[in-house]
Amino acid sequence: MNVITLASRKGGAGKSTLTAHLAATAHLAGHRCLLIDADPQGSLTLWQSLRRDGKPVVKSAARGVDGLLAVAMLEGYDYVFIDTPPTMWVVVSEAIRASTLVVIPARPGLFDLHAVRETVKTAQERDKPYAVVMNAAPARRDDRDSPVVVHARSHLDKLGIPVWSGQITQRAGFALSLAAGASAPEIDPSSAAAAEIVGLWRAISRSVEAVNAARARPPAGVPLAGRGAPAASRAA
Ligand SMILES: Nc1ncnc2c1ncn2[C@@H]1O[C@H](COP(=O)(O)OP(=O)(O)O)[C@@H](O)[C@H]1O
Ligand SMILES: [Mg+2]
């Protein structure tokens, strides 16, 4: 079972938005998915109440995530997505500790970038792979990142923090589809929003495969090089 935690100390970075779109996308791709809503604001619980088929299932983590994950394992889920509050409460470190991969959404601005460091530190302390995803970024023009994204990437690069090479653009479609209890690929699979989320999901699943393959390898007597999430870093 793979656990993907969306975490950032910064409110509004896009944790709940990306968790919902990613979980729905993985569900559409045929994976058995569970969503854990670890934020008392209950954004994902609200979103799921608007969905017609009730899938993916959302469980609230009022009493922490460990018990829910133990049950999820027995129930045979392929992926568990955990949405976390914008804090460093115990539930966030519990989720990070249980993660296969930590995804850190960040808007390309000073405050989000600063908040990334705290989550990175927690992931590193727990030896968990992580990667930043640029969210709500200005649209790319002529196949080029906008200056603010270029600046954000260079800032994170200097800190040695892996960043997904793609971006999730600021698009009304991301918010409107959630308001309809759906995700971008469910509303219009040919939309630019759907393409971005599917691209992110592919990069995440490749990273997860790489993490699992590295874990399955017999110990070679040397520590696993680096920590971040190399497969997500600069992945297509
Ligand atoms: N890529 C995006 N495009 C448009 N709106 C977005 C995008 N990402 C987030 N938002 C909006 O920004 C606000 C905060 O996002 P949210 O996912 O709730 O952040 P968090 O869970 O990190 O606090 C919401 O109103 C959401 O609809
Ligand atoms: Mg949220």
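Residues numbered from 1 in each chain as written. Chains lettered and ligands numbered in written order. Predicted model: local features only at pLDDT ≥ 70, side-chain atom pairs only at ≥ 80, totals over all residues. Heavy atoms only, no water.

**Observations concerning the UniProt feature "domain: CobQ/CobB/MinD/ParA nucleotide binding" (unreviewed entry) in the protein**
What UniProt calls "domain: CobQ/CobB/MinD/ParA nucleotide binding" (unreviewed entry) maps, in this numbering, to residues 4-140. Regarding residues 4-140, the helix share stands at 40% and the strand share at 20%, and the terminal C-alpha atoms are separated by 27 Å. (UniProt positions renumbered as here; feature names shortened; annotations may be inferred. Helix = DSSP H or I, 4+ residues; strand = E, 2+ residues; numbered from the N terminus.)

**As for the site of ligand 1**
Surrounding ligand 1, one finds 16 residues, the nearest of these being Gly12, Lys15, Ser16, Thr17 and Arg107. Between ligand 1 and Gly14, the relevant distance is 2.9 Å, taken from an oxygen atom to a main-chain nitrogen or oxygen of the residue. A distance of 3.0 Å separates a nitrogen atom of ligand 1 from a polar backbone atom of Arg171. Burial of ligand 1 by the protein chains amounts to 75% of its free accessible area of 560 Å². Judged by the proximity of its atoms to the pocket grid, ligand 1 belongs to the second largest pocket. Mapped onto the shell around ligand 1, the elements with two or more residues apiece are α1 (15-28) and α7 (172-179). When residues of the shell around ligand 1 are assigned to their parent elements, the largest contribution, 3 residues, is made by α1. Considered class by class, the residues forming the shell around ligand 1 number 5 nonpolar, 8 polar and 3 charged. (Near = heavy atom within 4 Å. Polar contact = N/O pair within 3.5 Å; in protein donor to acceptor, adjacent residues only side chain to side chain. Areas by Shrake-Rupley, 256 points an atom, 1.4 Å probe, with all protein chains shown as cover. 1 Å grid on protein atoms, 1.4 Å probe; cavity = no way out; pocket = protein on both sides within 12 Å on 5 of 7 lines; lining within 4 Å. Sits in = over half its atoms within 2 Å of the grid points. Nonpolar A, V, L, I, M, F, W, Y, C, P; charged D, E, K, R; others polar.)

**What about the nonpolar core?**
Grouped together as the largest cluster of nonpolar side chains are 33 residues, with contacts concentrated most on Ile36, Val65, Ile82 and Val132. Those residues in contact with Ile36 that sit more than four places away from it in its chain are Lys59, Ala61, Val65, Leu68, Leu69, Val80, Phe81, Ile82 and Asp83. By size, the runner-up hydrophobic cluster in this structure holds 31 residues, among which are Ala24, Phe81, Leu200 and Ile204. (Core = buried A, V, L, I, M, F, W, Y, C linked by side-chain atoms within 4.5 Å. Buried < 20%, exposed > 50% of the residue type's maximum accessible area, 1.4 Å probe, protein only. Contact = heavy atoms within 4.5 Å.)

**What about the layout of surface pockets?**
With a probe scaled to a water molecule rolled over the atoms, the places where space remains empty come into view. Of the pockets and cavities examined, the second largest pocket occupies roughly 230 Å³. If you go around the second largest pocket, you meet 14 residues; those closest to its centre are Thr17, Arg107, Arg171, Phe174 and Ala175. Split into classes, the residues belonging to the lining of the second largest pocket amount to 6 nonpolar, 6 polar and 2 charged. (Points joined across faces, edges and corners; volume = space filled by probe spheres on them.)

**Concerning the packing of α1 against helix α9 (residues 192-216)**
In contact at an axis separation of 10 Å, α1 and α9 are set at 75° when each is read in the N-to-C sense. Compared by their axis directions, α1 and α9 come out roughly perpendicular. Two secondary-structure elements touch here, α1 through Leu18, His21, Leu22, Thr25 and Ala26 and α9 through Ile197, Val198, Leu200, Trp201 and Ile204. Along the lines of polarity and charge, the residues of the contact of α1 with α9 split into 8 nonpolar, 2 polar and no charged. (Axes fitted to C-alpha atoms, helices over the stretch in contact; angles between N-to-C directions. Parallel < 35°, antiparallel > 145°, perpendicular 65-115°, else oblique.)

**Re the sheet that holds strand β4 (residues 79-83)**
Taken in spatial order, the 6 strands line up as β3-β2-β4-β1-β5-β6 in an open sheet, and their pairing is parallel. The open sheet has two edge strands with one neighbour each: β3 (57-60) and β6 (130-134). Across the sheet, the mean angle from the axis of one strand to that of its neighbour is 25°, orientation sign disregarded. Bridge count between strand β5 (residues 101-106) and β6: 5 bridges; the pairing is parallel. Its bridge partner being in β6, Ile104 is matched across the sheet by Val132. Seen against the sheet, α1 touches β1 (2-6), β2 (33-37), β4, β5 and β6 and runs at an angle of roughly 165° to β4. Where helix α5 (residues 110-125) meets the sheet, it contacts β5 and β6, and its direction lies at approximately 170° from that of β5. (Pairing = 2+ DSSP bridges.)

**So, the environment of Trp201**
Among the secondary structure elements, Trp201 is positioned in helix α9. Here Trp201 falls in the buried class, since its relative accessible area comes to 6%. Trp201 sits 121 residues away from Val80 along the chain, and the two C-alpha atoms are 13 Å apart. Non-local contacts of Trp201, meaning those with residues more than four positions away in its chain, are made with Leu22, Thr25, Ala26, Ala29, His31, Tyr79 and Phe81.

**Quick word on the environment of Glu186**
Positionally, Glu186 belongs in helix α8 (residues 184-187). Accessibility expressed as a relative area gives 31% for Glu186, which makes it partly exposed. The spatial distance from the C-alpha of Glu186 to the C-alpha of Gly76 is 25 Å, given a sequence separation of 110 residues. Once you skip the residues sitting within four places of it in the chain, Glu186 turns out to touch Ala24, Leu28 and Arg51. A distance of 2.7 Å separates the side chain of Glu186 from the side chain of Ser183, its partner in a polar contact.

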